[in-house]
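Residues per chain, in single letters:
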Amino acid sequence: MKQKEDFMREAIRLSVEKMEEGCGGPFGCVIVCNGEIVAHGYNNVLGSNDPTAHAEVEAIRKACTSMGTHQLADCELYTSCEPCPMCLGAIYWARPKKVYYANSREDAERIGFDDRFIYQELDKPKSERQIPMEQLLGDEAKEAFEKWVAR
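Predicted model, so just to flag it, every value in this text is computed and none were measured. (Residues numbered from 1 in each chain as written. Predicted model: local features only at pLDDT ≥ 70, side-chain atom pairs only at ≥ 80, totals over all residues. Heavy atoms only, no water.)

## Let's talk about helix H4 (residues 85-94)
- Listed as buried for H4 are Pro85, Cys87, Ile91 and Ala94.
- Residue Arg95 follows H4 closely and has a positive phi angle near 60°. (Buried < 20%, exposed > 50% of the residue type's maximum accessible area, 1.4 Å probe, protein only. Helix = DSSP H or I, 4+ residues; strand = E, 2+ residues; numbered from the N terminus.)

Dropping the structure here:
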């Protein structure tokens, strides 16, 4: 029977292999359900020109598709690095029962992957963020929410 360390080694292996292939940064992820890997993911930002193609997001998408669900409550996620804010958000939406990570945020920062500015941006009022944000047509958009509630 495979152990936690075996699953993490697979995530780490993916991080090295796909980085060396030029797909993107050194990040890999596997999602495990009932002791079996149900999805693999790796950073494919450079390979796909998609800034959201992070290892965890890719693995979550594949796991949800293959399992036919949008929540991974019975799954564990193994990632070669502590998740960035975007991946952390995706993880919380997917709701796995546990996340294991190898490298820390600080380790990633030391090699040039610094997410601290995003965490800092989230704490700022919208008017002070680096990318301006302005609400527009909020009243009109409420129609979709009202229809959702009515369903």
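Following the structure, the description resumes.
## A short note on the side chain of Glu121
- By the secondary structure assignment, Glu121 is in helix H6 (residues 116-123).
- Since its relative accessible area comes to 12%, Glu121 is described here as buried.
- Here Lys124 takes part through its side chain, which lies 2.9 Å from a polar atom of the side chain of Glu121.
- Glu121 has contacts with Arg129, Gln130 and Ile131, leaving out every residue within four places of it along the chain. (Polar contact = N/O pair within 3.5 Å; in protein donor to acceptor, adjacent residues only side chain to side chain. Contact = heavy atoms within 4.5 Å.)

## A word on the pairing of strand E2 (residues 36-42)
- Relative to E2, strand E1 (residues 28-33) is paired through six bridges, and the arrangement is antiparallel. Following the sheet pairing, Ile31 is matched in E2 by Ala39. (Pairing = 2+ DSSP bridges.)

## Here's the deal with the pattern of salt bridges
- Under the criterion given, the structure shown has eleven salt bridges.
- Ionic pairing is found between Lys18 and Glu17, a salt bridge with its closest N-O pair at 3.6 Å.
- The class for Lys18 is buried, based on a relative accessible area of 16%.
- A salt bridge links Arg110 to Asp107, with the shortest nitrogen-to-oxygen separation between them at 2.4 Å. Taken as a pair, Arg110 and Asp107 lie in helix H5 (residues 105-110) at a separation of three residues, close to a single helical turn.
- On the accessibility criterion, Asp107 (26% relative accessible area) is partly exposed.
- Taken together, the shared-partner salt bridges in this structure form one network comprising Glu10, Arg13, Glu17, Lys18 and Glu21. (Salt bridge = Lys/Arg side-chain N within 4 Å of Asp/Glu carboxyl O.)

## Things to note about the sheet that holds strand E4 (residues 98-103)
- Spatial ordering of the open sheet is given by E2-E1-E3-E4, a layout of four strands whose pairing is mixed. Whereas interior strands pair on both sides, the edge strands pair on one side only; in this sheet they are E2 and E4. Across the sheet, the axes of successive neighbouring strands diverge by a mean angle of 15°, strand direction being ignored.
- In the sheet, strand E3 (residues 75-81) pairs with E4 via five bridges, with the strands oriented parallel. When the bridges of E4 are listed, Tyr78 appears paired with Tyr100.
- Docked against the sheet, helix H3 (residues 55-67) engages E1, E2 and E3, running at close to 140° with respect to E2. (Axes fitted to C-alpha atoms, helices over the stretch in contact; angles between N-to-C directions.)

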